Amino acid sequence: MLRVGSKAACMACRNLVSTNMGVRFRVPLQKLHPLSRAIHHRYSGNNNPQRPPHRTAARYFTSMSRLPMRPPKPPPGSGGRNYQQQRNFWVARLAARLLKLRYILLGSAVGGGYTAKKTYEEWKDMLPDFSEYNWVIPDFVWELSEQIDFDKLAKALPEMEEIAKLLPDLDKIGENFTFLKSLLSSETTGDPPLKATDSSTASPQDGSDKQYKKQGLLGELILIQQQIQRHEEEVRRAAAANNARPPPPEPAPSPPPNPSPPQQKRKTSDKEKLDQLQEELLRTQLKYQRMLERLEKENKELRKVVLQKDDKGIHQRKVKKSLIDLYSEVLDILSDYDANYNTQDHLPRVVVVGDQSAGKTSVLEMIAQARIFPRGSGEMMTRSPVKVTLSEGPHHVAMFKDSGREFDLTKEEDLAALRHEIELRMRKSVKEGQTVSCETISLSVKGPGIQRMVLVDLPGVISTVTAGMASDTKETIFSISKAYMQNPNAIILCIQDGSVDAERSIVTDLVSQMDPQGKRTIFVLTKVDLAEKNLASPNRIQQIVEGKLFPMKALGYFAVVTGKGSSGESIDSIKDYEEDFFQNSRLLRDGMLKAHQVTTKNLSLAVSDCFWKMVRESVEQQADVFKASRFNLETEWKNNYPRLRELDRNELYEKAKNEILDEVISLSQVTPQHWESILQKKLWERVSTHVIENIYLPAAQTMDSGTFNTTVDIKLKQWTDKQLPHKALEVAWETLQEEFARFMAEYKGKDQDDIFDKLKEAVKDESIKRHKWNERAMDSLRVIQHNALEDRSITDKPQWDAAIQFMEETLHSRLKDTDSVIRDMVGPDWKQRWLNWKNRTPEQHIRNETKNELERLLKLHDDHTAYLANDEVTTVRKNLEGRGVEVDPVLIKDTWHQLYRRHFLQNALSHCNLCKRGFYYYQRHFVDSELECNDVVLFWRIQRMLVITANTLRQQLTNTEVRRLEKNVKEVLEDFGEDMERKTHLITGRRVQLAEDLKKVREIQEKLEAFIEALHKEK
């Protein structure tokens, strides 16, 4: 009974687990729910007496259950009555527990769902708000769906069925190749290796074909390309095997037997099969090329839309420069740094060289996709190197390095303007007496689909100097070409005219000298259409393209057609003509040229690849070279100029400019008293001789005061109308110059750099040269001076005393000058002869005797006139002859003039002393007085005129002329700043040159490092 009950209880537990817990029948008991384990072990025997019962465990794990406490199970020997009663009610107890289990499962499901929802909400709150980081993604990415209709684009793409129609009949080609292989294997001895190769390569090719077919349109194109390569290889093997077949020996005595008709027919069919195979291969290549062009056109349009969208946001965010623009900037700086390449500039660029009229410019225009260069028939058009930076952009435009104007290359008027501008720059760069120039013209061209590279178009190599050219034109072109080609990292694009005899080429010898191994040379044969038409043997073109005709070597050989020779052809028409020519040319059809060796498009791709490969290989090495150069220059500066800042020529010029402007501004700070005192003094020094000699002395010879005043008025009026205003303006202008120079000299003493002396002197001279006094000031000054000289009224005694003092100072100064002149005429006196051991010259002896004779005459006639009469001259001469002195009458008159002048000045000074007390008589107009002081009034009038003139000139200086001078100085400084040649001449020295080199080398190094960083990012 116990065993049966245990089995029944176990069956009930297992049924319970399978219906309510979703557990299979064979699940172990340990994996059941704890409540089920408790029920099972409650009514089943415990086979392991050491294991504790599971009832406590059930209560621990199931807190929701409330099982009643039951007595422990009686031992087996105590009897089974109670146990029998409990066993009779196990069905009821099991049903009760099943009802409780239902509520447990329902509560667990509700609680678990709530807990899961709460956990999900907590995780959701923990996630950051990514909407705040939308600015990281560019605007054009969000708006790309608005600009591009992807549904329309997807509909525009061809279907796989249409692409399959364009593909060649591969089964047919395979049959032809199978037939050709079997044919060759039956007649040659190389059958087993060929079959082995085919069988070994069949399975990988099939696998790769299936792999590429799964990749869509691009995979199909790759598959076609591989098929073309395999077809070309098979044709080459077949032709080589056919040529390598040894001819059968011909018996000498008997003629060769005629081939049988079946053999002749078989050979004819083989030839037809081979021609058919080549035609099929050519058609496959053309289809492949058309598909690539279509995809490239669609890609070009998409890139244009993206670039246009990016251009619209230039004002909103800073757009980084492209890789080719960074590299072009480095080349521009190097070109400005040293045009003679003394700095070992070995950065890569594509150098385009060729004979004159060989088509260099046309090839460059095809690569740039625009007719941008001036053209001429047979004459030299490229007169200086032209650096063209090609890059990709949304619009087809061109721009010069030093200009902000963009030329739209899609418009004919802009193209004509660009060609005219290039021609003007070329002619401007050529110095007088020369034909070509080494100065580089920098131009950038951007457009969709343009390959990125930097090309330098050089003048064409010539063999003869014609009329109108400089005698050294040929040597100059050779030196320019060698200077660019000797760069070990420059890619040489050698252009050869295919329409002329190869023996007339000049540039090939030059290129072979610069690059003997041909490791950086690309050979381009132009005008292939004319070559095919004119050459009797087209195999000559094949020899040229294969590098077997010229003694030079090259990385690659290309054949191009650059139009029909008309200057009005467009780039699109030239492309169409080139494509049509090569499609119909026997050169490509007969296998003389390969498809990748023709068209300027393939040429531009190859040149761009070589250019960037050379850049990646050499740019870091060049950066290290400039880094070492920078270290050497910095060391030299620290050793020679440790306390000076590194200012280049432009910075030094700006510093000198500010100093000069400060000195000009200092003129406005001069006090009016200083201006007037200087002007008055200088003006009197300028006019005093005229006043004394031409006005005062002639008027003093008169006998009465009326005649004296009349003579003075007439002389003053004439002087004022003709000379006085001019003299006054000259004095004012000279005073302004002297004050300007004085301020510059005073500023120089304040730790000024001597390096500016030459520049400041040049600025001062040029400013004074340009400055012109206002002509209207002369008329007003004349009126003021005339009114001042007509005034004779002295109002008070101080004015009278000032006039007398002015007169005394003037007469003393003149008397001193006259005594000095007389001493020079007669030589040293007896005291100087004894003390200084000096002797008189014969002329001085004669003048001394004449002076003594004339002094006796003045003592006899104290009131003698200013001039000697003829009889008096004769008397003096005869008296001197009596003493043995021969004298000339002119010498007598000259000596008399100085003696009378001294005599007159001495008398005037004595009269001036008498007039010091004559102001009272002046107020009474000298009535009832023998004293007449009209000369004092004259000097008062002159003095008052000087004061008024000085005041007028001072006002004009401070109000007008100083500002005009400052303006002239600014203009001169601006002109000098724009003239780099003059600036270089005026600011010189090792210090300046060292600072210039440091600045350039640092700039080059920084640009190179930025370029290298961008280059690594692009990789």
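Computed from a predicted structure; not experimentally measured.

The rules we used
Residues numbered from 1 in each chain as written. Predicted model: local features only at pLDDT ≥ 70, side-chain atom pairs only at ≥ 80, totals over all residues. Heavy atoms only, no water. Helix = DSSP H or I, 4+ residues; strand = E, 2+ residues; numbered from the N terminus. Buried < 20%, exposed > 50% of the residue type's maximum accessible area, 1.4 Å probe, protein only. Contact = heavy atoms within 4.5 Å. Polar contact = N/O pair within 3.5 Å; in protein donor to acceptor, adjacent residues only side chain to side chain. Axes fitted to C-alpha atoms, helices over the stretch in contact; angles between N-to-C directions. Parallel < 35°, antiparallel > 145°, perpendicular 65-115°, else oblique. Left-handed = near helix turned anticlockwise from the far one by under 90°. Nonpolar A, V, L, I, M, F, W, Y, C, P; charged D, E, K, R; others polar. Disulfide = S-S within 2.5 Å. Expected span 1.5 Å × (residues − 1). Salt bridge = Lys/Arg side-chain N within 4 Å of Asp/Glu carboxyl O.

1. Considerations on the environment of Gln799
Checked against the element boundaries, Gln799 lands in helix H30 (residues 797–826). A relative accessible area of 28% means that Gln799 is categorised as partly exposed. For the pair Gln799 and Phe919, spaced 120 residues apart in sequence, the C-alpha separation works out to 9.8 Å. Those residues in contact with Gln799 that sit more than four places away from it in its chain are Ile794 and Trp940. A distance of 3.1 Å separates a polar atom in the side chain of Gln799 from the backbone nitrogen of Thr795.

2. What to know about the packing of helix H29 (residues 776–790) against helix H36 (residues 934–978)
In the contact formed by H29 and H36, the axes pass within 8 Å of each other and the chain directions differ by 155°. Our classification of the angle between H29 and H36 gives roughly antiparallel. In the packing of H29 onto H36, the handedness of the crossing is right-handed. Between H29, through Ala777, Leu781, Ile784, Gln785, Ala788, Leu789 and Glu790, and H36, the contact on the second element is made entirely by Arg941, Ile942, Arg944, Met945, Ile948, Thr949, Thr952, Leu953 and Gln956. When its residues are assigned to classes, the contact of H29 with H36 shows 9 nonpolar, 4 polar and 3 charged.

3. Section: the state of the cysteines
Taken as a whole and judged by the stated rule, the model has 1 disulfide. Here Cys915 engages in a disulfide with Cys933; their sulfurs sit 2.1 Å apart. For the disulfide bridge between Cys915 and Cys933, the dihedral angle about the S-S bond is near -100°, and by the sign convention the bridge is left-handed. With Cys915 in the loop between helix H34 (889–914) and helix H35 (919–923) and Cys933 in the loop between H35 and H36, the pair connects residues that are 18 residues apart, well separated along the chain.

4. Focus: H34
Across its 26 residues, H34 extends 37 Å between first and last C-alpha, which sits within 8% of the 38 Å expected from 1.5 Å per residue. Its side-chain oxygen 3.2 Å from the backbone nitrogen of Val890, Asp888 forms the N-cap of H34.

5. Considering the pattern of salt bridges
In total, this model carries 45 salt bridges according to the counting rule given. Between Asp457 and Lys360 there is a salt bridge, with the nearest N and O atoms lying 3.3 Å from each other. In this pair, Asp457 sits in strand E6 (residues 453–457) while Lys360 sits in helix H15 (residues 360–368), placing the two residues 97 residues apart along the sequence. Here Asp457 matches Lys360 in class, with each residue buried. Salt-bridge contacts for Arg427 lead to Glu423; the nearest nitrogen and oxygen are separated by 3.4 Å. Residue Arg427 and its partner Glu423 are both found in helix H16 (residues 412–429); the two are separated by 4 residues, about one turn of the helix.

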